[in-house]
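Next come the chains, spelled out residue by residue.
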Amino acid sequence: MGAHARPNRFHRTGVRIASAALVGAALPLGATGLAQAATPDSTPHATATETGEQAAPAIKAEHAFLLDARDGSQERELWAGAKADESVPMASTTKIMTAIVVLKHPEWLERQITVKQEYRDYVQEVGASTADLQTGDTLTARQLLHAMLIPSGADAARALADTFGNGDTEEARISDFIAQMNAEAQQLGLKGTDFDSVDGISQGNNHSTARDLAKLGQRAMLQPVFAEVVKNTQYKTEAPAANGHTRYYTWNNTNELLGTYDGALGVKTGSGPEDGYCVVFAAERDNRTLVGVILGDDTGRFDDATKVLDWGFAH
């Protein structure tokens, strides 16, 4: 797909628009990470392969996957949809990898980044979801991770890639950042995954599999900063504005599982005309953490995610 937006029925990389206001307050957050599962008991958990198709979650989405998260090097498949290994567009779930590349350098987190008008122009041009970052405001990389992962701000993703990519121009820096994303995917063994954007606005080669994204989501949730960000239903913060005053931002999470599903931890949503509705999700109950993915679903992605999680915790 080219860089220009096509008419569509929803935002290409998210479902809500964030707001910037001149009143508000910052909310402190506590550090947390993906809880590592307790030592498994001696009773093996059933999988669809072991028990037959009738044991699978009752959902229509075929690009789906669920794993039982162990630690950074182990995971156990619980269930795979019929097309769990087929590469398809992944929309704003792309931003999980954008965050992972930034978090490989914790020294970057407090870096001050000034919002450029080009970031706002880009969002307008391609019809992407936005954190409504205001030109001239100065935010830290940590704040921009919130802006990217909670309201799914493509403007925040652009700012991070432009700052931490290498090159003499904005496009060159973003291209270099995308190369870092692909190198990380290769290192993680995500063979069905390719990136050509930092936000999910594809140029024709931005795709992954449900299995790959579940693994990526698991690795991301092992990062305490990432897990701290994506658990928030809402986040408020402030930043110095270009006019010398203080800007107050309020960002609402696009993930409807938070606050509605017991034990929900995150992770990231996405949507687009070619991508359908997507969600990478995680939840913890009884010392078990499950990570799952649904790609190319309809508007019932959160209901399907709920069914998959319920099935997983029952097995």
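Just so it is clear, the model here is predicted, and its values are computed rather than measured.

Draft legend 1. Structural context of the confidence of the model for the chain. A residue-level look at the chain finds 81% of positions with pLDDT of 70 or above and a mean pLDDT of 85. Here residues 1-17 is modelled with pLDDT under 50, and outside its nearest four sequence neighbours on either side it reaches 64 contacts, counting other chains as well. Ignoring residues within four places in sequence, the model shows residues 22-54, a span with pLDDT below 50, making 65 contacts including any to other chains.

Draft legend 2. The arrangement of the pattern of salt bridges in detail. Inspection of the entire model under this criterion finds 13 salt bridges. With a shortest N-O distance of 2.7 Å, arginine 142 and glutamate 110 are connected by a salt bridge. Within this pair, whereas arginine 142 is found in helix α4 (residues 141-149), its partner glutamate 110 is found in the loop between α2 (95-103) and β5 (112-114), the two being separated by 32 residues in sequence. A relative accessible area of 27% places arginine 142 in the partly exposed class.

Draft legend 3. Molecular detail of the packing of α4 against helix α5 (residues 154-164). Look at α4 against α5: their axes get within 8 Å of each other, and the N-to-C directions meet at 145°. The element α4 and its partner α5 pack so that their crossing is left-handed. Contact residues: Ala141, Leu144, Leu145, Ala147 and Met148 in α4; Ala156, Ala157, Ala159, Leu160 and Phe164 in α5. When its residues are assigned to classes, the contact of α4 with α5 shows 10 nonpolar, no polar and no charged.

Draft legend 4. Quick peek at unusual backbone geometry. The residue serine 152 is not glycine, and still its phi comes out positive at about 65°. By the element assignment, serine 152 lies in the loop between α4 and α5. Notably, asparagine 287 is not glycine yet its phi reads approximately 65°, a positive angle. Judged by relative accessible area, asparagine 287 falls into the exposed class, the value being 52%.

Draft legend 5. Inspection of helix α7 (residues 210-221) at higher detail. Here α7 contains 12 residues, and its C-alpha end-to-end distance of 16 Å stays within 8% of the 16 Å for a straight helix at 1.5 Å per residue. Where burial is concerned, most of α7 is hidden: 10 out of the 12 residues are buried.

Draft legend 6. Just the environment of alanine 154, in detail. With respect to the helices and strands, the residue alanine 154 is situated in helix α5. With residues up to four places along the chain from it excluded, the contact list for alanine 154 reads Lys95, Tyr122, Val123, Ala128, Ser129, Thr130 and Asp199.

Draft legend 7. Fine view of the pairing of strand β12 (residues 288-297). Burial of β12 is extensive: nine of the 10 residues sit out of reach of the surface. Where strand β11 (residues 276-285) meets β12, eight bridges bridge the pair, whose relative direction is antiparallel. Each bridged residue has a counterpart across the sheet, and for alanine 282 the counterpart in β12 is valine 291.

Draft legend 8. Examining the environment of arginine 285 more closely. The residue arginine 285 is located in strand β11 in this model. On the basis of relative accessibility, which here comes to 24%, the residue arginine 285 falls in the partly exposed class. Distance from arginine 285 to phenylalanine 313, taken between C-alpha atoms, is 7.6 Å for residues 28 residues apart in sequence. Side-chain polar atoms of arginine 285 contact the backbone oxygen of aspartate 262, separated by 3.0 Å.

Draft legend 9. The environment of glutamate 171, seen in detail. Structurally, glutamate 171 is set in helix α6 (residues 170-187). Through-space distance from the C-alpha of glutamate 171 to that of alanine 161 is 9.6 Å; in sequence the pair is 10 residues apart.

Draft legend 10. Local environment of the nonpolar core. Counting 66 residues, the largest nonpolar core has Met97, Leu133, Leu145, Leu160, Phe226 and Trp251 as the members making the most contacts within it. Considering each element in turn, this core owes the most residues, seven residues, to α2. Ignoring anything within four residues of it in the chain, the contact list for leucine 160 reads Val102, Ile113, Ala141, Leu144, Leu145, Met148 and Phe177. Judged by nonpolar contacts, the second largest core, of 21 residues, contains Leu258, Ala264, Ala283 and Ile294.

About the criteria used
- Residues numbered from 1 in each chain as written.
- Predicted model: local features only at pLDDT ≥ 70, side-chain atom pairs only at ≥ 80, totals over all residues.
- Heavy atoms only, no water.
- pLDDT = per-residue confidence, 0-100.
- Contact = heavy atoms within 4.5 Å.
- Salt bridge = Lys/Arg side-chain N within 4 Å of Asp/Glu carboxyl O.
- Helix = DSSP H or I, 4+ residues; strand = E, 2+ residues; numbered from the N terminus.
- Buried < 20%, exposed > 50% of the residue type's maximum accessible area, 1.4 Å probe, protein only.
- Axes fitted to C-alpha atoms, helices over the stretch in contact; angles between N-to-C directions.
- Left-handed = near helix turned anticlockwise from the far one by under 90°.
- Nonpolar A, V, L, I, M, F, W, Y, C, P; charged D, E, K, R; others polar.
- Expected span 1.5 Å × (residues − 1).
- Pairing = 2+ DSSP bridges.
- Polar contact = N/O pair within 3.5 Å; in protein donor to acceptor, adjacent residues only side chain to side chain.
- Core = buried A, V, L, I, M, F, W, Y, C linked by side-chain atoms within 4.5 Å.

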